Amino acid sequence: MGKESVGITASKKNDFSEWYTQVVLKAELADYAPVKGLIVLRPDGYSIWESLKDTFDKKFAQNGIRNGFLPVLIPESLLGKEKKHFAGFNPEVFWVTHSGENEVGDRLALRPTSETLAYTLYSKWIKSWRDLPLKMNFWNTALRAEIKATKPFLRTSEFLWQEGHTVHSTEKEAKKEVFKILEIYKNTVEEELAIPVVTGKKSEKEKFVGAVFTTTMESIMPDGKALQMGTSHFLGQNFSKPFEVKFADKDNVEHFAWQTSWGVSWRLIGAMIMVHGDDKGLVLPPKVAPTQVVIVPIYNSDEDKKRVLEKSDEIKKQLESKSIRTHIDDRNELSPGYKFNDWEMKGVPLRIEIGPKDISKQKVVLAKRYNKEKTDLGFDEIEKIDLILNEIQTHMLESAREEAKQNTLNISDYTEFKEKIGKGGFFNANWCGKQECEEKIKEETGADIRVIPFDKENKEGKCIYCNEQSTSVPIFARGY
RNA sequence: GGGAACGUAGUCUAGCUUGGUAUGAUACUAGUCUGGGGGACUAGUGAUCGCAGGUUCAAAUCCUGCCGUUCCCA
């Protein structure tokens, strides 16, 4: 068999885009749907999403947030209630204009996001301060037409996500919620996906349309571009006013409520692929890997086969008793070498090779995916595998942090900035806070303000563009 | 937003310039051997050449439209 035709043929370093697409398709995470910009999730891809969903659900629940479900169709009259919000989304809205042969009266939008729908309901449900806070989350898909370049997980016209919508009686409490959610996002992405993130605020220009302010977490990808990993918005009363989300307070005075909305999408899967993958394919962080350990039995005679499979099964049971997701690759028709490459392409964190030679020595061969290390592991050490998986998880985050650090640069000279932006990276640069400078920089370099880190607000210095008094040190980068 | 390329079996691909019923590999099925890093041999299955029109005795090939995919640049 031609090695070229089966594995990943593009190099991550030299041909990043092509490499990414190949990994998604060949590792069988997703495939293209017959409609432009839409993808289909295959079991391994969906399993990773389910794993993230489970983690988020637990954390949301601990924070008093409950799940609900909203319909996909939103009447135009509702969507248009908050003018700026509508204008922001309108270009990419899919419209339903017919039911069968009949035209519908009020056009129906396939939700680009659900604020307008959720808050219509919220205004019905909320009457008193006793009804607050109202904290709900929705797992669904959103639809935003992507006219041009689409890429699996990163830019698709329909994407899986969760959108949370909370309502509070005070501004302070709502703001606290915004930051609490962002913290949950950050922890989850770093702990589960082993991707380091920078948290902070979006600039006025980049904030969510309709929000008072937007907090965000951003990560740097190996090609030097920034990826927005999730956002948590403080909506203030911008939506509660048009949608009349109001409540009678303890003093019997009616107030408009304070709101938040927040979301992460399957983009996180795209980030995971980019950050950890290599030229052999996907590399999965153990915590989200659908299969954590794959056992490849090796044998020739029927007698050996029986012994090896029996031992494999024993190891599998031992691992499963510790909740380690284990698979035995007993496909008879394939050679061990083929299987090794196959599972490496799919990114399974640990591989156990076991043959007659190993059994006689009371050990197996253990191969780690993320650093390609191969060692012997005695039968009596099998129980340590959960610790090894944890170690891998930790190391993956550490090395991703190291890489991110090397791609982050402090910069104060605009000429130098323009020279270096081509290679990508995060650039910490002083900014005066004026949108004009932000726009000029975008125009001249293609880089925008990804995030103003929380610890970099109110920093003195000189704006990299206009040299005037700076107000903060945002991260500039070219983004996805 | 601007530009370029591409679409032929599950996958990759030859053929297209100069129209004549599609090449090869791999995968798949069966068998024998093999088995510690992408195995070998033998025999078989699998394609209305992206879709819809048009030109023609005849279209994968020429023309038009549509759909889809990829890459590069802002």
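Scroll up to find the structure this text is about.
Just so it is clear, the model here is predicted, and its values are computed rather than measured. (Residues numbered from 1 in each chain as written. Chains lettered and ligands numbered in written order. Predicted model: local features only at pLDDT ≥ 70, side-chain atom pairs only at ≥ 80, totals over all residues. Heavy atoms only, no water.)

Novice: What am I meant to see in a negative patch on the surface here?
Specialist: The grouping of Glu436, Glu439, Glu443 and Glu444 at the surface amounts to a negative patch. Mapping Glu436 onto the fold places it in helix α14 (residues 435-445). (Patch = residues over 30% accessible without salt bridge, like charges linked within 9 Å, V, L, I, M, F, W, Y side chains within 5 Å. Areas by Shrake-Rupley, 256 points an atom, 1.4 Å probe, with all protein chains shown as cover. Salt bridge = Lys/Arg side-chain N within 4 Å of Asp/Glu carboxyl O. Lys, Arg positive; Asp, Glu negative; His and termini not counted. Charge placed at Lys NZ, Arg CZ, Asp CG, Glu CD. Helix = DSSP H or I, 4+ residues; strand = E, 2+ residues; numbered from the N terminus.)

Novice: Even after reading the chapter, I still don't get the protein's contact with RNA strand B, so can you show me in this structure?
Specialist: As a structural note, the neighbourhood of RNA strand B is formed by 37 residues, with Tyr32, Glu344, Arg351, Asp358 and Lys374 the closest of them. Sugar and phosphate atoms constitute 46% of the interface atoms of RNA strand B, taking the interface as everything within 4 Å of the protein. With respect to RNA strand B, the side chain of Asn341 contributes an N or O atom lying 2.8 Å from a base nitrogen. Interatomic distance of 3.5 Å between a backbone N/O atom of Pro356 and a base oxygen of RNA strand B. Those elements that place two or more of their residues in the surface near RNA strand B are α1 (3-6), α2 (16-26), α10 (336-345), β17 (350-354) and α11 (356-360). Here the surface near RNA strand B gets seven residues from one element, more than from any other, and that element is α10. Broken down by class, the residue content of the surface near RNA strand B amounts to 12 nonpolar, 11 polar and 14 charged. (Near = heavy atom within 4 Å. Polar contact = N/O pair within 3.5 Å; in protein donor to acceptor, adjacent residues only side chain to side chain. Nonpolar A, V, L, I, M, F, W, Y, C, P; charged D, E, K, R; others polar.)

Novice: Explanation requested: the pattern of salt bridges in the structure shown.
Specialist: Where charged atoms from two side chains of opposite charge come close, those side chains can pair. Summed over the entire model, instances satisfying the criterion amount to 39 salt bridges. Shared partners join several salt bridges into a network, and the residues in it are Lys202, Glu218, Lys442, Asp448 and Arg450.

Novice: Whenever I open this one, the environment of Lys81 confuses me. Can you help?
Specialist: Secondary-structure assignment places Lys81 in the loop between α4 (76-79) and α5 (83-89). In this structure the C-alpha to C-alpha distance between Lys81 and Trp262, which are 181 residues apart in sequence, comes to 20 Å. Once residues within four sequence positions are removed from consideration, Lys81 is found in contact with Pro242 and Phe243. (Contact = heavy atoms within 4.5 Å.)

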